[in-house]
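# Overview (structure and organization)
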Amino acid sequence: MIMTRYFGLLLVGLLIAVGFARAADAEVRAWDLHITANRTSIGEGGTVMVAAQCIPSKLDISKHSARIKLWPYLNGKQWGAAEKTDQRGQATFIIPMPDVGTARIQVAAQGPVRAVFPVGQPLARKAHVSNTVVVQVMARKFTVPAHRRHLVGIEYEPWFTPLMETWSTAEAIPLLGKYESTNTSVLRQQAIWFDKMGINYILIDWTGNIFGKTKWNQRPQNQRQIIHATTILLKTYAGMRREGIPAPKVTLLLGLDNGPSTTTTALNEEMHWIDKHYIKNPRFVYLWLNYRKKPLIVIFNGGGPGFLAGKLAAGEPPINTHDFTVRWMASQLQYTHDTHGHAIAGYWSWMDGSIRPIPTYHRGQCEALTITPAFFATGGWLVPSARDRDNGFTYIREFKTALRYRPHFLNICQWNEFAGQPTGSGYGPKHNSYGDDYNIPLSNDIEPVSLTACAYRGCGGWGFYYLNLTRAFIHLYHQKHPSSTILAIGSPDHNAVITGGS
């Protein structure tokens, strides 16, 4: 008798659960998903515009006017930024196409379940899916870039891994979607964009690999993931070069001091590992950026020459300059720009908090300069001396300095940081000093992002605007006497006095 009652209750529970599941499913399936694309064929690396339409069922239109989040899929795997429909049930996707072959595009009303990095995750079997649009992605011929006296590089982050950054505080969502740094299709598309812009090399951020450690073999697991992501990038670039696609050269930004620090012993061990596994690896021949007949390594030392001198005075060994050309880097050089400053000592800059960035000279020649679309200053992004994007006007003014000095290495800060501090968790005693990125205007990323998708502190983004602006800059940069003009509509400077009627 007890078992019979128990079975009856269980059966009722199952029926109720099934009823709820069917009701929830009906909420989604009351929409008919239909997509169209603006083309049926494209060259590799190009983009396809996909328009989605959610059509309510005839049964009850009034209950289904809410916006629905839709996820794009390419050949059964999530690819691209998710978008919400507008009040008319429409959404638009810009889908980059990096891989040659037949591309089958679908849109689903369900993304990967509990996926920190949804890009590349398979389509759920029971997801409500649109029709399929087929696009042929064709191989195209790339032009090998000419040898340049003036090289343009961009700072790059490989830190989107399970134990590092996970897009939780990103200021915008990349067109590629929330990707992991080991995704080879992502790496391939980014390299094609670099070629389109005219980027000669990328500076990969390894600054935090051994902070707080005294030996290279003490590196933690999260930093090992960054190293693994870099290895995947090198393998991808090597494969692209064999296909005739001019992937950029590569160098690394190591770290001695940025608040936390390490030892010169650990740095030398790290450089030995790089030499063994990357420089001397036959698979990666021609990938590394050489300078003055040696592989170039850049080391971040926020403490500057004095901090390094203290290390050496304490008995730590000098940095290995026998196998590498070593350049030092710091940040905010405008605060140390004097006869004893970092730039005078030959330090490059990661980012300057000045509309006129500081040039670095070597043997009487301008060797390096860093420009950025926006910059923070002492105190972070929210202090008055920081400068926002201003619709590209800040970037244009910084580029004017590059045209004036024409350094051998023009560094751009940066491609894909997409990380910051959560609200209330900033630096300083009041936890209100925010670095890295803050929101869309107060950030320095250039990678193309969705124009409408919502991120941590707002919705929307800059699309291809800064990629195209960078491409225009680099085109002018390589002309001896530029005749073209680049314009952006900006707002007045902070505390500026405006006169006149317009």
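Now for a look at the structure at hand.

Thresholds applied
- Residues numbered from 1 in each chain as written.
- Predicted model: local features only at pLDDT ≥ 70, side-chain atom pairs only at ≥ 80, totals over all residues.
- Heavy atoms only, no water.
- Buried < 20%, exposed > 50% of the residue type's maximum accessible area, 1.4 Å probe, protein only.
- Helix = DSSP H or I, 4+ residues; strand = E, 2+ residues; numbered from the N terminus.
- Contact = heavy atoms within 4.5 Å.
- Lys, Arg positive; Asp, Glu negative; His and termini not counted.
- Salt bridge = Lys/Arg side-chain N within 4 Å of Asp/Glu carboxyl O.
- Disulfide = S-S within 2.5 Å.
- Polar contact = N/O pair within 3.5 Å; in protein donor to acceptor, adjacent residues only side chain to side chain.
- Pairing = 2+ DSSP bridges.
- Axes fitted to C-alpha atoms, helices over the stretch in contact; angles between N-to-C directions.
- Parallel < 35°, antiparallel > 145°, perpendicular 65-115°, else oblique.
- Left-handed = near helix turned anticlockwise from the far one by under 90°.
- Nonpolar A, V, L, I, M, F, W, Y, C, P; charged D, E, K, R; others polar.
- Expected span 1.5 Å × (residues − 1).
- Phe/Tyr/Trp six-rings, centres within 6.5 Å; stacked < 30°, edge-to-face > 60°.
- Lys NZ or Arg CZ within 6 Å of the ring centre and 35° of its normal.

## Overview of helix 4 (residues 264-279)
- Along helix 4, the residues that are buried comprise Thr264, Ala266, Leu267, Asn268, Glu270, Met271, Trp273, Ile274, Asp275 and Tyr278.
- Taken together, the buried residues of helix 4 touch helix 3 (221-242), strand 12 (249-257), strand 14 (294-301), helix 5 (304-313) and strand 15 (325-330).

## Focus on the side chain of glutamate 417
- Turning to its location among the elements, glutamate 417 is positioned in the loop between strand 19 (409-412) and strand 20 (454-455).
- No salt bridge is formed by the buried glutamate 417, whose closest oppositely charged neighbour, arginine 389, lies at an N-O distance of 9.3 Å.
- Ignoring any residue separated from it by four or fewer positions in sequence, one finds glutamate 417 in contact with Glu157, Trp159, Phe160, Trp350, Asp436, Asp437, Asn444 and Asp445.

## Observations concerning the state of the cysteines
- Summed over all chains, the structure comprises one disulfide.
- For cysteine 454, the disulfide goes to cysteine 459, at an S-S distance of 1.9 Å. Residues cysteine 454 and cysteine 459 share a disulfide whose torsion about the S-S bond is about 95°; that sign makes it right-handed.
- By relative accessible area, cysteine 459 is classed as partly exposed at 48%.

## Observations regarding the side chain of asparagine 416
- Relative to the helices and strands, asparagine 416 is located in the loop between strand 19 and strand 20.
- Its relative accessible area of 0% is what places asparagine 416 among the buried residues.
- Within the local environment of asparagine 416, its side chain forms a polar contact with the backbone nitrogen of glutamate 157, the two atoms lying 2.8 Å apart.
- A distance of 3.3 Å separates a polar atom in the side chain of asparagine 416 from a polar atom in the side chain of tyrosine 179.
- Ignoring any residue separated from it by four or fewer positions in sequence, one finds asparagine 416 in contact with Glu155, Tyr156, Glu157, Trp159, Phe160, Tyr179, Gln190, Asp445 and Glu447.

## Digging into the pairing of strand 14
- With seven of eight residues buried, strand 14 lies mostly within the body of the structure.
- Where strand 12 meets strand 14, five bridges bridge the pair, whose relative direction is parallel. Across the sheet, residue aspartate 257 finds its bridge partner in strand 14, namely asparagine 301.
- Strand direction decides the pairing type here: strand 13 (residues 290-291) and strand 14, joined by two bridges, are antiparallel. In the sheet register, tyrosine 291 faces strand 14, and the bridge partner there is lysine 294.

## Considerations on the pattern of salt bridges
- All told, the structure shown has eight salt bridges when counted by the stated rule.
- Linking arginine 188 and glutamate 243 is a salt bridge whose minimum nitrogen-to-oxygen distance equals 2.8 Å. Residue arginine 188 is found in helix 2 (residues 184-197), and its partner glutamate 243 is found in the loop between helix 3 and strand 12; the two are separated by 55 residues along the sequence.
- Residue lysine 311 is joined to glutamate 316 by a salt bridge in which the shortest nitrogen-to-oxygen separation is 3.4 Å.
- With relative accessibility at 12%, the residue lysine 311 sits in the buried group.
- Each of Glu44, Asp99, Arg188 and Glu243 takes part in a single network of salt bridges with overlapping partners.

## What to know about the packing of helix 6 (residues 393-405) against helix 7 (residues 465-477)
- Running from N to C, helix 6 and helix 7 cross one another at 20°; their axes reach a closest spacing of 11 Å. Relative to helix 7, the element helix 6 lies roughly parallel. In the crossing of helix 6 with helix 7, the sense of the turn from one axis to the other is right-handed. On the side of helix 6, the interface is formed by Tyr395, Ile396, Phe399, Ala402 and Leu403, while helix 7 contributes Tyr466, Leu469, Thr470, Phe473, Leu476 and Tyr477.
- Classifying every residue of the contact of helix 6 with helix 7 gives ten nonpolar, one polar and no charged.

## Section: helix 2
- For helix 2, which comprises 14 residues, the first-to-last C-alpha distance of 20 Å matches the rise-based estimate of 20 Å (1.5 Å per residue) to within 8%.
- Helix 2 sits mainly inside the fold: eleven of its 14 residues count as buried.
- For helix 2, the set of buried residues is Ser185, Val186, Leu187, Arg188, Gln189, Gln190, Ala191, Ile192, Trp193, Phe194 and Met197.
- Close packing links the buried residues of helix 2 with strand 7 (90-96), strand 10 (151-156), strand 11 (201-205), helix 3 and helix 7.
- Directly after helix 2, the chain includes glycine 198, whose backbone phi takes a positive value near 100°.

## A short note on the environment of threonine 264
- Mapping threonine 264 onto the fold places it in helix 4.
- Take threonine 264: its relative accessible area is 0%, and that puts it in the buried class.
- With 49 residues separating them along the chain, threonine 264 and lysine 215 place their C-alpha atoms 9.2 Å apart.
- Here threonine 264 is in contact with Leu256, Leu308, Glu316, Pro317 and Ile319, once residues within four sequence places are set aside.
- Polar side-chain contacts of threonine 264 include one of 2.7 Å to the backbone oxygen of proline 317.

## Here we look at the packing of aromatic side chains
- Scanning the entire structure with this criterion turns up 27 aromatic pairs.
- On the numbers, 5.0 Å between centres and 75° between planes, the contact of tryptophan 167 with tyrosine 179 is edge-to-face. Pair noted here: tryptophan 167 is in the loop between strand 10 and helix 2 and tyrosine 179 is in the loop between strand 10 and helix 2, with a separation of twelve residues, a long-range link. Neither tryptophan 167 nor tyrosine 179 differs from the other in exposure class; each is buried.
- Sitting over the face of the ring of tryptophan 462, arginine 389 holds its NZ or CZ atom 4.0 Å from the ring centroid.
- A cation over a ring is seen here: arginine 457 above tyrosine 434, with NZ or CZ 5.1 Å from the ring centre.

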